[in-house]
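# A look at the structure
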Amino acid sequence: MSLLDEISAASKMRNRTCIVVDILDELAAEDARELQVALDDRAMTHTAIARVLAARGYPINPSGKQVAAHRRGTCSCR
Ligand SMILES: [Zn+2]
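Below is a summary of the structure that appears in this document. Every value quoted in this text rests on a predicted model; they were computed, and no experiment measured them. (Residues numbered from 1 in each chain as written. Predicted model: local features only at pLDDT ≥ 70, side-chain atom pairs only at ≥ 80, totals over all residues.)

### Topic: the overall build of the chain
Of regular secondary structure, the chain possesses five helices and zero strands. The order of helices and strands in the chain, counted from the N terminus, is α-α-α-α-α. The principal-axis extent of the C-alpha atoms belonging to the chain is close to 45 × 25 × 20 Å. (Helix = DSSP H or I, 4+ residues; strand = E, 2+ residues; numbered from the N terminus.)

### Focus on the nonpolar core
Membership of the largest hydrophobic core is limited to eight residues, which are Ile19, Val20, Ile23, Ile49, Ala50, Leu53, Ile60 and Val67. Among the secondary structure elements, those contributing two or more residues to this core are helix H2 (19–26) and helix H4 (46–55). (Core = buried A, V, L, I, M, F, W, Y, C linked by C-beta atoms within 7 Å. Buried ≥ 20, exposed ≤ 12 C-beta atoms within 10 Å, placed from the backbone.)

### Description of the environment of Leu53
Relative to the helices and strands, Leu53 is located in helix H4. Once the C-alpha coordinates of Leu53 and Asp41 are considered, the two residues, twelve residues apart in sequence, prove to be 16 Å apart. Not counting the four nearest positions on each side in its chain, Leu53 is found in contact with Ile23, Tyr58 and Ile60. (Contact = placed C-beta atoms within 7 Å.)

Structure (structure tokens):
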């Protein structure tokens, strides 16, 4: 691997998305908008959001860990 390839790969790793962003990208525009509203609304629990997404077949942990990390800004997309 060339030096440039290596730097490019490292850069992509730093900018990779998390499962929450992957799901937002996959959802239809209206559903993505509603998910973003839910994520911004602290009355919606991490677990409730994750369970609904998991029930719809998205590969998210229903415990809500990834939703919590995304909301706190500690996930891999930040
Ligand atoms: Zn994230």
